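# Overview (structure and organization)
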Amino acid sequence: MRVLLVIDMLKDFMDEDGALYCGKESRRIVSFIKEKIRECRTSDCRVIYVCDAHDPRDKEFRMFKPHAVKGSEGAKVIDELRPETADIIVEKTTYDAFYDTELDRVLKETGAGRVEVVGVCTSICVMEAVGVLSLKGYDVVVHKDGVADFDQEAHCFALNRMEKVYGAKVEG
């Protein structure tokens, strides 16, 4: 089974007035991701949204200003990529999509083999997810046209690391 992981395409990262706006570069990936989601929904593929859902007192807010607080407007997926009923949403409270989440169980239950990854930020949450996916033995594809970062140098480093260290296929 093929799975599309859509990581942190949330209002706080993607909207200009969001708490941690990833910048104009991040907006360029929206149409690509929208097309990948449409393609996935019309084939033998599952769409899984992995979304920050922080406690208001989260320790992460020592490094980054408060963002994607569970239940807030900023923690919602952007309107252009709104989840549908058949899609799966996995909430996370750290950079790691697997730490203290249901993602591992969900991937096993769906029979995932190939996991395609899109979203933000390439050098933080995307790279963390790809590292664990690779360690768990999944065939991982990162869509270069579907990932973005507020730091272009970190973005390039992360793409290189995911390919050379984690063995992911970086396509696009």
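Here we summarise the structure given alongside this text. (Residues numbered from 1 in each chain as written. Predicted model: local features only at pLDDT ≥ 70, side-chain atom pairs only at ≥ 80, totals over all residues. Heavy atoms only, no water.)

### Thoughts on the state of the cysteines
- This model, assessed by the stated rule, comprises one disulfide.
- One disulfide in the model links Cys40 with Cys45; its S-S distance is 1.9 Å. Taking the torsion about the S-S bond as the criterion, the Cys40 to Cys45 disulfide, at about -85°, is left-handed.
- A residue is classified by how much of its surface remains accessible, and Cys45, at 10% relative accessible area, is buried.
- Among the cysteines around Cys125, which has no disulfide bond, Cys121 carries the closest sulfur, lying 7.0 Å off.
- Here Cys125 falls in the buried class, since its relative accessible area comes to 7%. (Disulfide = S-S within 2.5 Å. Buried < 20%, exposed > 50% of the residue type's maximum accessible area, 1.4 Å probe, protein only.)

### Things to note about the packing of aromatic side chains
- Tallied over the entire structure, the rule returns one aromatic pair.
- Ring plane angle 80° and centroid distance 6.3 Å describe the contact between Phe64 and Tyr95, whose orientation is recorded as edge-to-face. Remark: Tyr95 occurs in the loop between β3 (88–92) and α4 (103–110) and Phe64 occurs in the loop between β2 (45–52) and β3; sequence separation between them is 31 residues.
- Owing to a relative accessible area of 25%, Tyr95 belongs among the partly exposed residues under this scheme. (Phe/Tyr/Trp six-rings, centres within 6.5 Å; stacked < 30°, edge-to-face > 60°. Helix = DSSP H or I, 4+ residues; strand = E, 2+ residues; numbered from the N terminus.)

### What about the sheet that holds strand β6 (residues 169–171)?
- The parallel open sheet is built from six strands, whose spatial order is β3-β2-β1-β4-β5-β6. In this open sheet, the two strands that pair with only one neighbour each are β3 and β6. The mean inter-strand angle of the sheet, taken between neighbouring strand axes irrespective of direction, is 25°.
- Examined bridge by bridge, β2 and β3 share five bridges and lie parallel to one another. Paired with Val50 across the two strands is Val90, which belongs to β3.
- Packing against the sheet, helix α6 (residues 152–164) makes contact with β5 (139–148) and β6, and its axis sits at approximately 165° to β5. (Pairing = 2+ DSSP bridges. Axes fitted to C-alpha atoms, helices over the stretch in contact; angles between N-to-C directions. Contact = heavy atoms within 4.5 Å.)

### So, α4
- Along α4, the positions that sit buried rather than exposed are Leu103, Asp104, Val106, Leu107 and Thr110. Taken end-on, α4 shows its buried residues confined to a sector of 165°, consistent with a single buried face. α4 presents Lys108 and Glu109 as exposed residues on the side facing more than 90 degrees away from its buried surface.
- Backbone geometry just downstream of α4 places Gly111 in the positive-phi region, at approximately 70°. (Arc of directions from axis to C-beta.)

### Quick notes on the environment of Leu81
- Relative to the helices and strands, Leu81 is located in the loop between β2 and β3.
- Excluding residues within four positions of it along the chain, Leu81 makes contact with Met9, Val30, Ile33, Lys34, Ile37 and Tyr49.

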